[in-house]
Amino acid sequence: MIRSILVGAEMLNWSDLHPVDARPAASGPAAAALLAATLQPNDAVLLAGPHSLNLIADIAARVASVDVLVRSAPDAEEIAGVIARPLADNKVFCGALDRFTPTYGNSSGYDAVVALDGLDRLVGPDTAKLGWADALAALQARLAPSGRLLLGAENQFGFERLLQPAIAAALPRNEDWARDLTDAAPGGLKPLQTALEDAGLDSSTMYAVFPSLVDAQVALTEVSGPLPAAVAARTMAARYAGPTLMDPYRFVQDTVRAGLTFELAPAWYVVTTADDLPGVLPADAVPGGSGVLLEEYLLAALRVDQAAVRRTVPEYVSWLREQDDATAQLAALDNVILDGMSFRLFAESEPVTAYLPETLEGDYVAPPGEALVVAHLARFARRSLDSGSRQPWPAGGYPDGLTARLAAMAGITVTKWLSSRREMVRPLGSAEQLATVARLSEELASSSARGIIFHGQISGIRQSKPYRVGHAVTGPLRHVLRVQGKVRRLARKVRGR
């Protein structure tokens, strides 16, 4: 049984693997894919900082030997049970990075040093001063010639600062003990690149990590096309599902169009001296081929090209009706790729179920497939209202009208049997809500102005001489017609007796 080796400044009553109010350890499919792409079977690896037990076990099974350095004594004992091999192969060191001197570990250096959690959690309160650059230099010194460094770095001004700021930011957490004022990581992409260049490290391979270092679902070397943009937007929307300042999905899409997604990514992976790395982690995270999400195409067309909407919606409905039941349920507009004139699924997702009323009156039977078509169109209408997207029709919070318009383009009449319960939809983000309120106020003011103009026109007509003459002539005639009508109704009653 492997036992951990204490190197100094270890934390006896602390856990990064099972934190109470701190961040969990680094993990995620993207982290596992990066390790699989960079580590070799004959590598000697140093794993520095808190990483999930799954990642640690994966590394131990993949390489010749692995040494683990963590600051938590309970974590060190638990990790020792995960990488249980002969003591000469694997070792677990417990303590701070500044106490991990060359007398510990592999004296000839490591083929790979892995610190995907970053450098902040390599020291504890007993370390008086160890800045980010000093920690990087300490890890760099343990590399063998031509060794590889796998480093994670958080973005201090990423999406989360603009989407959902911490409401308890003023309350220090248990891990926020006092440190030296100069102990600060680079605050953005350019400062990080500058720090790596100052350290003499080649940072030619960098990944933008979504949605965070501790839950790396996807990592991309480039976020520029519509499909990578949709993947990044999906991961951020899933992470920030609560109240936000802006709609996460739409916000990420907007940053892609502005070319700012990489700079605003929640975190980055840096890999040095490694070639032929994949551009997407995991490899199947972004679907291959060209095209754009059907939802993005239609949202843009709603504003500028309604003819394209009237042309595309029937084509989508025709394609949807040709699919089998399982595919049709997955083929929501936000999960379908439009490539020229063809459609295909974007990724696996939650199936959309058609609305069916609990009770049906009479012998009404919905035409085959129409209920699911309307359900997909209703989902699109709801998402367009959630995002506060500009629409060519009067703004409002009910998706029924937009759903009925879209269905009518495909020759479907949305009856009460096909429509769900009427429900008002408010935009997700505070910014979109304010924009919607402003748009409603503008439309209300415009309608009031038109009403005033119309009322003035009617008043002018009534005061004109032709209107007064006509009214004087037709007034008695209307009275005669009313009297004749009463006489005819009375005569019919008499005949009926």
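Thresholds applied
- Residues numbered from 1 in each chain as written.
- Predicted model: local features only at pLDDT ≥ 70, side-chain atom pairs only at ≥ 80, totals over all residues.
- Heavy atoms only, no water.
- Helix = DSSP H or I, 4+ residues; strand = E, 2+ residues; numbered from the N terminus.
- Buried < 20%, exposed > 50% of the residue type's maximum accessible area, 1.4 Å probe, protein only.
- Contact = heavy atoms within 4.5 Å.
- Pairing = 2+ DSSP bridges.
- 1 Å grid on protein atoms, 1.4 Å probe; cavity = no way out; pocket = protein on both sides within 12 Å on 5 of 7 lines; lining within 4 Å.
- Points joined across faces, edges and corners; volume = space filled by probe spheres on them.
- Nonpolar A, V, L, I, M, F, W, Y, C, P; charged D, E, K, R; others polar.
- Axes fitted to C-alpha atoms, helices over the stretch in contact; angles between N-to-C directions.
- Right-handed = clockwise from strand over helix to strand, strands pointing away.
- Salt bridge = Lys/Arg side-chain N within 4 Å of Asp/Glu carboxyl O.
- Arc of directions from axis to C-beta.
- pLDDT = per-residue confidence, 0-100.

**Observations concerning the overall build of the protein**
Looking only at helices and strands, the protein features 15 helices and 13 strands. Considering the protein as a whole, with its 497 residues, one finds that 45% of them fall into the buried category. For the protein, contacts bridging at least 24 residues in sequence account for 75% of all contacts bridging at least 6.

**Things to note about the pairing of strand β12 (residues 336-339)**
Every other side chain in a regular strand lies on the same face of the sheet, so the side chains alternate between the two faces. Inspection of the sheet shows strand β11 (residues 292-293) paired to β12 by two bridges, in the antiparallel sense. Counted as the bridge partner of L293 is I337 from β12. The sheet contact formed by β12 and strand β13 (residues 342-345) spans four bridges and is antiparallel. Of the residues in β13, the one forming a bridge with I337 is R344. Hairpin connection from β12 to β13: two residues lie between these consecutive antiparallel strands, with G340 at a positive phi of about 70 degrees.

**Comments concerning the layout of surface pockets**
Its boundaries defined by the atoms lining it, the second largest pocket holds a volume of some 870 Å³. Counting residues per element, the ones that place at least two in the lining of the second largest pocket are β8 (215-220), α7 (226-239), α8 (248-258), α9 (294-304) and α12 (370-386). Tallying contributions element by element places α7 first for the lining of the second largest pocket, with five residues. Its residues assigned to classes, the lining of the second largest pocket comprises 19 nonpolar, eight polar and 12 charged.

**Some thoughts on the environment of P282**
With respect to the element layout, P282 can be found in the loop between β10 (280-281) and β11. Separated by 250 residues in the primary sequence, P282 and A32 place their C-alpha atoms 8.1 Å from one another.

**A short note on the sheet that holds β12**
Taken in spatial order, the three strands make up an open sheet running β11-β12-β13, and their pairing is antiparallel. Of all strands in the sheet, those with a lone pairing partner are β11 and β13, marking the two edges. Strand contacts of helix α10 (residues 306-322): β12 and β13, with the helix running at about 55 degrees to β13, the strand carrying the most contacts.

**Digging into unusual backbone geometry**
Peptide bonds are trans in most cases, and residues, glycine excluded, mostly fall at negative phi. Put simply, F210 and P211 share a cis peptide bond, and its omega is -5 degrees. Assignment of secondary structure puts P211 in strand β7 (residues 205-212). Residue L281 is joined to P282 through a cis peptide bond whose omega torsion reads -15 degrees.

**Looking at the pairing of strand β2 (residues 44-48)**
Counting buried positions along β2 gives five out of five residues, so the element sits mostly inside the fold. Alternating residues of β2 divide into A44, L46 and A48 and V45 and L47, and every residue in both groups is buried. As defined by bridge partners, β2 adjoins strand β3 (residues 65-70) across five bridges and the pair is classed as parallel. Across the sheet, the residue bridging to V45 is V66, located in β3. Crossover β2 to β3 through helix α2 (residues 53-62) is right-handed. Two elements, β2 and strand β5 (residues 110-115), share three bridges in a ladder whose sense is parallel. Residue pairing for β5: L47 is matched across the bridge by V114.

**A look at the pattern of salt bridges**
Counted according to the given criterion, the structure contains 16 salt bridges. D117 is the partner of R23 in a salt bridge, and the nearest nitrogen-oxygen pair spans 3.7 Å. Highlighted residues: R23 in the loop between β1 (5-8) and α1 (29-38) and D117 in the loop between β5 and α4 (132-141), separated in sequence by 94 residues. With a shortest N-O distance of 3.4 Å, R99 and D98 are connected by a salt bridge. You can call D98 partly exposed: its relative accessible area is 32%.

**So, α4**
All of the buried residues in α4 are W132, A135, L136 and L139. All buried residues of α4 lie within an arc of 100 degrees about the axis, which places them on one face of the element. Facing away from the buried side of α4, by more than 90 degrees, are the exposed residues A133 and A141. Its buried side turned inward, α4 meets β2, β5, β6 (143-154) and α6 (189-198).

**Points about the confidence of the model for the protein**
Summing up the model confidence of the protein, the mean pLDDT is 84 and the portion of residues at 70 or higher is 83%. Within the model, the stretch residues 358-366 combines pLDDT values under 50 with eight contacts to residues more than four positions away or in other chains.

**Some points on the environment of V20**
Checked against the element boundaries, V20 lands in the loop between β1 and α1. Of the residues examined, V20 reaches a relative accessible area of 81% and is grouped as exposed. In the structure, V20 is positioned 154 residues away from N174 in sequence and 8.4 Å away in space, judged by C-alpha atoms.

**Topic: α8**
Among the 11 residues that make up α8, eight are buried, leaving the element largely enclosed by the rest of the structure. Considered for burial, the residues of α8 that qualify are P248, Y249, R250, F251, V252, Q253, T255 and V256. Among the structural elements, α5 (159-163), α7, β11, α9 and α12 are those in contact with the buried residues of α8. Once α8 finishes, G259 follows within two positions and takes phi at roughly 70 degrees, a positive value.

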